[in-house]
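Survey of secondary and tertiary structure
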Amino acid sequence: MHDLQQTITGFETWHLALPVTSARDHGIGRVEGTCEIVVLALTADGGETGWGEASPWVVFTGSPEATKAALDRYIKPLVLGRRVADRGQIMAEAARAVAHCTEAKAALETALLDLTGRILGIPVYALLGGAAPDDLRIPLSVSLANPDFDQDHLLLERLREDGVRLVKLKTGFSTHAFDIERLEALAVAFPEFNVRVDYNQGLEPDEALARVRDVAHLKPDFIEQPVRAHLYDLMHEIRQSIDVPLLADESVFGPEDMDRALQSGIADGVSIKIMKAGGLTRAQTVARMAATRGLMAYGGDMFESGLAHLAGAHMIAATPEITLGCEFYQAKYYLKEDILEEPILYEAGAIVVPERPGLGHRPDRDKLQAYRKPI
Ligand SMILES: [Mg+2]
């Protein structure tokens, strides 16, 4: 039955706590021990299953508890008994049924697309507009956020060997001197890397201008989100005072924010995430709105497993407006173990988007059981 008339009969969720290899500091918070995600499985009659992941970070987008409740209580009744063909309608109803909870909606759309792609025998990127062969290798950026910079040195050596050439230094969680010192050390010891800087909202308004100007003198590719998300006027002022591109991340979740950000001139580019936008198609809309006004777009992520990486990678492969690479590194460089049955392929500093049906990989059910967060 290739006309997508199958009924969705199964809706299962897992709240997982995935062990990580080190602490990471970002401007707005620290991750330590584990990161928490919610996995969704939708099963259609005929037995095919589609998978999706929600990757909330409590200080950024929302909590795993709210995400799981959004899925189990408010979204599940909209999905069970519907046809696989009803994807667009289901997404529109989910948007109205529960406010915010963008990660839950991203998981829902991912699972619906994965299910559709598996039934039709085509990859998710083909459902989102298709991709040229070159678009199936997306340059990988790895974030440096270890409070112990010596540990990041070891990571950098591994990255160099693996062919990775993009890194993003997380700044604004310690002293300004520590940020400058690390940027200068990177330029000397690792000149082959293109360096980006991300404050994750870490600067106070009274210190932001001077600090960002200092960093801009060191010529990173771009500087991301130096101040709190809602400080649009200050973002605009900082943008006017530096000659490297300023990127918005936390200031722009979905198309509604993008519209306001474009009107306010807060950035030269935007970090696009399916977890912020509330799905893959809304993320594509954000990228296209940005491109219309000449803004660059970058493929950001949250603290994710390989399942969400795949969703983001399929979306980017089908969105040529996203030109600055992606940061789907956690599955390989940060989690102690990913949840997929077989690992995602990374080659020569790029993530390789699978050409198989759906997302191209499935989670390992034994791992879902093993990493289930005890209630
Ligand atoms: Mg960011």
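Residues numbered from 1 in each chain as written. Predicted model: local features only at pLDDT ≥ 70, side-chain atom pairs only at ≥ 80, totals over all residues.

1. Quick word on the overall build of the protein chain
Here is the rule we go by: Working definition: helices are DSSP H or I runs of at least four residues, strands are E runs of at least two. Numbering for both runs from the N terminus. Three exposure classes are used. Buried residues have 20 or more other C-beta atoms within 10 Å of their own C-beta, exposed residues have 12 or fewer, and partly exposed residues fall in between, all C-beta atoms being placed from the backbone. C-beta atoms are placed from the backbone for every residue, and two residues are taken to be in contact when these atoms lie within 7 Å.
Check the secondary structure of the protein chain and you find 14 helices and 15 strands. Its C-alpha atoms give the protein chain principal-axis dimensions of roughly 60 × 45 × 40 Å. Per-residue burial for the protein chain yields a buried fraction of 51% across its 375 residues. Contacts in the protein chain between residues at least 24 apart in sequence constitute 74% of all its contacts with a sequence separation of at least 6.

2. Considering the packing of helix α1 (residues 64–79) against helix α2 (residues 87–97)
Which entries qualify depends on this criterion: Fitting a line to C-alpha atoms yields each axis, with helices limited to the stretch in contact; the angle taken between N-to-C directions then spans 0 to 180 degrees. Here roughly perpendicular refers to angles of 65 to 115 degrees, roughly parallel to angles under 35, roughly antiparallel to angles over 145, and oblique to all remaining angles. By convention, the crossing between two helices is left-handed when the near helix turns anticlockwise from the far helix through less than a right angle, and right-handed when the turn is clockwise.
Interaxial distance between α1 and α2 falls to 10 Å at its minimum, and their mutual angle equals 155°. Considered as vectors, α1 and α2 are oriented roughly antiparallel to each other. In the packing of α1 onto α2, the handedness of the crossing is right-handed. Every residue of α2 that contacts α1 at Tyr74, Ile75, Leu78 and Val79 is listed here: Ile90, Glu93, Ala94 and Ala97.

3. Description of the pairing of strand β13 (residues 296–299)
Put simply, the rule is: One bridge is not enough; two strands pair if DSSP finds at least two bridges between them.
Residue alternation in β13 divides its side chains into two sets, Met296 and Tyr298 and Ala297 and Gly299, and both sets are buried. Here strand β12 (residues 269–272) runs beside β13; their pairing, made up of four bridges, is parallel. In the sheet register, isoleucine 272 faces β13, and the bridge partner there is glycine 299.

4. Quick word on the nonpolar core
Applicable threshold: Any set of buried Ala, Val, Leu, Ile, Met, Phe, Trp, Tyr and Cys residues joined through C-beta atoms within 7 Å is what this text calls a nonpolar core. Annotation comment: domain bounds sourced from an automatic or database domain assignment.
By size, the foremost hydrophobic cluster in this structure holds 116 residues, and its most contacted members are Val270, Val286 and Ala297. With nine residues, the single largest contributor to this core is helix α3 (residues 102–120). A domain-level breakdown of this core finds at least three residues from each of domain 1 (8–121 + 364–370) and domain 2 (127–352). In contact with valine 286, other than residues within four places in its own chain, are Val252, Gly254, Pro255, Met258, Val270, Ile272 and Ala277.

5. Brief notes about the sheet that holds strand β1 (residues 8–19)
Whether parallel or antiparallel, the strands of a sheet pair through hydrogen bonds between backbone atoms. With antiparallel pairing, three strands are arranged side by side in an open sheet as β1-β4-β5. Each edge of the sheet is formed by a strand with only one pairing partner; in this case those strands are β1 and β5 (49–54). For this sheet, the mean angle separating the axes of adjacent strands, direction not counted, is 20°. For β1 and strand β4 (residues 34–44), the ladder comprises 11 bridges, and the chain directions are antiparallel. Bridge pairing links proline 19 to threonine 34 in β4. Along the sheet, α3 contacts β4 and β5; its crossing angle with β5, the most-contacted strand, is approximately 155°.

6. Quick word on unusual backbone geometry
Despite not being glycine, leucine 4 shows a phi value in the positive range, around 60°. By secondary structure assignment, the location of leucine 4 is in the segment before β1. One non-glycine residue, glutamine 201, lies in the positive phi region at around 70°. When the 23 C-beta atoms within 10 Å are taken as the criterion, glutamine 201 is described as buried.

7. Some remarks on the sheet that holds strand β7 (residues 141–144)
The strand order across the open sheet formed by seven strands is β7-β8-β9-β10-β11-β12-β13, and the pairing between neighbours is parallel. Where the open sheet ends on each side, the last strands, each with one partner, are β7 and β13. When strand β11 (residues 246–248) meets β12, the two strands line up parallel, connected through two bridges. Following the sheet pairing, leucine 247 is matched in β12 by glycine 269.

8. Quick word on the domain arrangement of the protein chain
Our working definition: Basically, the charged four are Asp, Glu, Lys and Arg, the nonpolar ten are Ala, Val, Leu, Ile, Met, Phe, Trp, Tyr, Cys and Pro, and anything else, Gly included, counts as polar.
When cut into domains, the protein chain gives domain 1 (8–121 + 364–370) and domain 2 (127–352). For domain 1 versus domain 2, the distance between C-alpha centres works out to 23 Å. Contact with domain 1, which involves 35 residues of that partner, is made by 36 residues of domain 2. Residue composition of the side of domain 1 that touches domain 2, grouped by class: 16 nonpolar, 11 polar and eight charged.

9. Here's the deal with the environment of alanine 185
Tracing the backbone through its elements, the reader meets alanine 185 in helix α6 (residues 176–189). For alanine 185, a count of 14 C-beta atoms within 10 Å corresponds to the partly exposed category. Distance in space between the C-alpha atoms of alanine 185 and alanine 54 is 36 Å, their sequence separation being 131 residues.

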